[in-house]
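# Tertiary structure, described
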Amino acid sequence: MKRASLLFLLLLCIPALADQYELLGSYRSHNLKGNILTVTTDNRTLELSVFEGGVVKVLVGESEPLPIEVSSLPPQTLSLDEGPQLKLSFPEGYVEVEKEPVRISVYRSDGTLVTADDPAFGHGWDGKEVRCWKRLQEDQRFFGLGEKSGDVNKRGRFFTNWNSDIPAYRNDTDPLYCNIPFFSSVSESKAFGIFFPNSYRSTYNFGAGNDRLFSFGAEDGPLVYYLFPGPTMKDVIEDYSDLTGRMPMPPKWSLGYQQCRWSYYPEYEIRDLAKEFRQRKIPADVLYFDIHYMDAYKVFTWHPERFPNPVQLLSDLQEDGFKTITIIDPGVKVEPDYPVYQEGLENDHFLRYQDGELYRGQVWPGWCHFPDFRRAATRAWWGAKNAMLQDRGVDGFWNDMNEPAVWGKEFPYVVEGIKALHNVYALYMAQATYDGLKEAAPDQRPFIVTRAGWAGIQRYAAVWTGDNSASYDDLALSIRTNIGLGLSGVPFVGCDIGGFIGRPDPELYLRWMQAGSLSPFMRSHTIHDSPDQEPWAFGEETERRCREAIERRYRLMPYLYTELHRAHDTGLPLYRPMWLDFPGEEAAYDNAYQHQFMVGSHLLAAPVIRQGQRFQKVYLPKGDWYEPGTGEIHGGGKAVLVEAGLDTLPLFYRAGAVIPTRPVQQYVDESPLTELRLTVVPGDTGVYEMIVDDGLTTDSPVEKWTFRQNGRDSVRIDLGSGPRAAALQTLKFKVVGAENLKFNGTTLRKEGEWFVASARSGELKFTPGLQGR
Ligand code: GLC
């Protein structure tokens, strides 16, 4: 009886014990070797590796190969003070390791705290689950994790990273399609970031339901993370993208306007569509083939009746300046006579259950097998299939359903290795596609746009935000998710303009077109049973206003392309929150202004995102701002109210900017750049370096043209001596506030609103325009 009650008591204790995390415990010994300090504790080892830039890699327990290849960062030199605590110092800062129990705190060299373990928890595990708890600062804001709903600042929320197909998602839906295990934080205007390269289902608590901790962890896999100490958010994102890779330069046409619907078919529909754009003089670069182009939705086929001669069609469209993009889903139809299926079977390309049986799931074609993109041979096979389409004239590739999705459900967990593969499936698929296209045409820049992704997706693809809905809430949400993706290392982002599900009214469509006209990826798209959603489908007035929005984008192309280049060079998003450029300004973080965004560091947009709104309250960071639409100059450091009628996208150039534009074209490569227009907003922010190349090939020589403001009365223009500068014939200038302009000593004549000069390097002099306020 006694023994039985003891057993009963013990049994009662078991569930409680199972809920407890095991923690690192006390210090036992340590060992410093090169840039790695290993601390042995009661329960596991803690390994700290330090790299240049003060990047600290933390590993608890055994290491495992990372799901993605990362760059090897240069190791940092370390010194160690051994006392009651260990103090590991390096030029950018130091890490303090407490011994009883083992906890770490990371500091910058000026003594400011980067982040510290929670004193009671730190690092822990529960069975296979791993987790890290850190102390929450009172004013701490959180950003990132890829495509996430809600506010730009994620403080107070709990997130799961598990790529998911969630059509008609809402403002609190989580997770969505493209989850990235990298987040960052700002506190007292200083930033740090954490990259947790664990591809299992992971979760993040940014002070949700508590005021003590933020934490991250995963259901399995290694407890390993990189800590980027900042101190600025720009440093954090640059360091993260140093590690996970930068966006290769995409072709310039991918910045052009793109038109999609599910689906344009048969052939005459797409030919008519092309004609409409050109006849109506609405600039456009890309037309899409959604799933109906395929024969019974079989990937890498063309429907024989709908598209009997795709090669001819694609070449005719190209003649007319259009690029084409086809959708590619990973599911391969199970059909004995289908060559792709046969090849996949013969070469063992498909995913299997743990017992060896091939996995089948349902998507558009019906029952499908799914390539195992972990295998190099499978990636090569898939890449070559894409390259075959490219060879026949397809210009870009749209990777969809790659969460992977099987009618909104998931692969069973007994599919071999799926728990670790799920989140990186889309990344591997994009890699397969990218590598295949490069292999077949090494000097061409591939263009891929994907729905799902993971850390490093920027190396292969642009990301669009999946199946949104035609509502003002979704318009606003799209701005926030795109900003969030940019802060997560993905600069080339966009959404379905107009909303994928449902029917926008003319005003919503227009407002979305205006906001979208400055997003890096600009595509209008809609579902299969919806009414027409092209820019002319909402009446003449809306068509005119949409044309104006798209034309402005094409005018700004030299600026947008330069900023895309800069994103490729630095990893920083071109589409970004104001506080990235103005980190010390509290109001720049305010949710009231989170739908304003910068494009590069010289242009600020504050699109209207509410129905019926005809005025916009805009926060302008410190400094002066020029509103090109009205010619007004506003003093910053405060909110202003500007007119925002239906014709208007509130837009501002920062004082000190020299914004390069060009005359409108119907597509980006319609004609070479012979006329460059420079709008000078006098101010002190220095030099604008415009970047020019052929926009198409990987080894195209890059020319850098510099516009250097000297004081507030002149700009030095240096075009260098490259062939693109030689092809430039005309320079046109507008200097805000100045009416007397001289270029290289000659007084310039005015044509319309521009002062005209022949193109060459030189000194632009003007009567001081903008005075400081
Ligand atoms: C998915 C995509 C959508 C596409 C549709 C048909 O829902 O997200 O963009 O149009 O599939 O391919």
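You'll find the structure just up there.
Below is a summary of the structure that appears in this document. All of these numbers come straight from a predicted model, not from anything done at the bench.

### Quick notes on the packing of helix α3 (residues 267–280) against helix α4 (residues 310–319)
Running from N to C, α3 and α4 point in directions that differ by 5 degrees, and their axes come no closer than 11 Å. It follows from the interaxial angle that α3 and α4 lie roughly parallel. Contact residues: E267, I270, R271 and A274 in α3; Q312, L313, D316 and L317 in α4. Grouping the amino acids of the contact of α3 with α4 by side-chain chemistry returns 4 nonpolar, 1 polar and 3 charged.

### What to know about the sheet that holds strand β31 (residues 523–524)
Within the open sheet, the 9 strands sit side by side as β29-β28-β27-β26-β22-β21-β20-β31-β30. Their pairing is parallel. Edge positions in the sheet fall to β29 (493–494) and β30 (496–497), since each has one partner strand and no second. Across 4 bridges, strand β22 (residues 323–328) lies against strand β26 (residues 396–399) in parallel orientation. Of the residues in β26, the one forming a bridge with I325 is G396. Across the face of the sheet, α3 comes into contact with β20 (258–259) and β21 (286–289) while running at roughly 160 degrees to β21.

### Let's talk about the pattern of salt bridges
Inspection of every chain in the model, using the stated rule, returns 45 salt bridges. R271 serves as the salt-bridge partner of E267, at 2.8 Å between the closest nitrogen and oxygen. Taken together, the positions of E267 and R271, both in helix α3 and 4 residues apart, correspond to about one turn of that helix. Overall, E267 belongs to the buried group, its relative accessible area being 16%. When its relative accessible area of 27% is taken as the criterion, R271 is described as partly exposed. Across the salt bridge formed by R544 and D647, the nearest N and O atoms sit 3.3 Å from each other. Within this pair, whereas R544 is found in helix α11 (residues 540–555), its partner D647 is found in the loop between β38 (638–643) and β39 (651–654), the two being separated by 103 residues in sequence. Since its relative accessible area comes to 25%, R544 is described here as partly exposed.

### A closer look at the packing of aromatic side chains
A complete count under the given rule lists 59 aromatic pairs for this structure. Arranged with centres 4.5 Å apart and planes meeting at 5 degrees, the rings of F142 and F206 form a pair that is stacked. One end of the pair, F142, is in strand β13 (residues 141–146); the other, F206, is in the loop between β17 (202–205) and β18 (213–218), and 64 residues separate them in sequence. Just as F142 is buried, F206 falls in that class too. The ring of Y561 carries K252 above its face, with NZ or CZ at 4.9 Å from the centroid. The aromatic ring of W398 is capped on one face by R523, whose charged end is 4.4 Å from the ring centroid.

### With respect to the packing of helix α9 (residues 472–487) against helix α10 (residues 506–516)
Running from N to C, α9 and α10 cross one another at 5 degrees; their axes reach a closest spacing of 10 Å. Put simply, α9 runs roughly parallel to α10. Here α9 contributes Y472, D474, L475, S478 and I479 to the contact with α10, which in turn contributes E507, L508, R511, W512 and A515. Among the residues forming the contact of α9 with α10, the class breakdown is 6 nonpolar, 1 polar and 3 charged.

### Things to note about the site of the ligand
Taken together, W262, D290, I291, I327, W364, W398, D400, R451, W464, D467, F500 and H525 form the complete shell of residues around the ligand. With respect to the ligand, the side chain of R451 contributes an N or O atom lying 2.8 Å from an oxygen atom. Contacts to the ligand include D467, whose side-chain N or O atom sits 2.5 Å from an oxygen atom. For the ligand, the protein covers 97% of the area, taking 310 Å² as the surface of the free molecule. Looking at the shell around the ligand residue by residue, the classes come out as 7 nonpolar, 1 polar and 4 charged.

### A few points about the pairing of strand β45 (residues 730–735)
Extensive coverage of β45 is indicated by the burial of 6 of its 6 residues. The side-chain alternation of β45 yields two buried faces, one formed by T730, K732 and K734 and the other by L731, F733 and V735.

### Thoughts on the environment of A116
Tracing the backbone through its elements, the reader meets A116 in strand β10 (residues 113–116). Every residue in contact with A116, bar those within four places of it in the chain, is listed here: I104, S105, K134 and R135.

### Observations regarding helix α5 (residues 339–346)
V340, Y341 and G344 are the residues of α5 that are buried. Take α5 and look down its axis: the buried residues cluster within an arc of 100 degrees, on one side only. Buried residues along α5 sit in contact with β23 (332–333), β25 (366–369) and α6 (376–391). At the C-terminal side of α5, D348 shows a positive phi close to 60 degrees.

### Details of the sheet that holds strand β9 (residues 103–108)
The pairing of strands in a sheet comes from backbone hydrogen bonds and takes either a parallel or an antiparallel form. Here 5 strands make up an open sheet; going across it, the order is β6-β7-β8-β9-β10 and the pairing antiparallel. Strands with a single pairing partner mark the edges of an open sheet, and in this sheet they are β6 (79–82) and β10. Going across the sheet, the axis of each strand differs from the next one's by a mean of 15 degrees, ignoring polarity. In this structure, β6 lies alongside strand β7 (residues 86–90), joined through 4 bridges in antiparallel fashion. For S79, the partnering residue across the bridge sits in β7 and is S89.

### Looking at the nonpolar core
For soluble globular proteins, the rule of thumb is that nonpolar side chains tend to be buried together. By size, the foremost hydrophobic cluster in this structure holds 194 residues, and its most contacted members are W382, W705, F707, F733 and L764. At 8 residues, the largest contribution of residues to this core is made by helix α8 (residues 425–440). Setting aside residues no more than four positions away along its own chain, L764 makes contact with V680, D713, S714, V715, F733, V735, L741, K742, F743 and L748. Counting residues in hydrophobic clusters, the runner-up holds 40 residues, among them L86, V130, F159 and F183.

The rules we used
Residues numbered from 1 in each chain as written. Predicted model: local features only at pLDDT ≥ 70, side-chain atom pairs only at ≥ 80, totals over all residues. Heavy atoms only, no water. Axes fitted to C-alpha atoms, helices over the stretch in contact; angles between N-to-C directions. Helix = DSSP H or I, 4+ residues; strand = E, 2+ residues; numbered from the N terminus. Parallel < 35°, antiparallel > 145°, perpendicular 65-115°, else oblique. Contact = heavy atoms within 4.5 Å. Nonpolar A, V, L, I, M, F, W, Y, C, P; charged D, E, K, R; others polar. Pairing = 2+ DSSP bridges. Salt bridge = Lys/Arg side-chain N within 4 Å of Asp/Glu carboxyl O. Buried < 20%, exposed > 50% of the residue type's maximum accessible area, 1.4 Å probe, protein only. Phe/Tyr/Trp six-rings, centres within 6.5 Å; stacked < 30°, edge-to-face > 60°. Lys NZ or Arg CZ within 6 Å of the ring centre and 35° of its normal. Near = heavy atom within 4 Å. Polar contact = N/O pair within 3.5 Å; in protein donor to acceptor, adjacent residues only side chain to side chain. Areas by Shrake-Rupley, 256 points an atom, 1.4 Å probe, with all protein chains shown as cover. Arc of directions from axis to C-beta. Core = buried A, V, L, I, M, F, W, Y, C linked by side-chain atoms within 4.5 Å.

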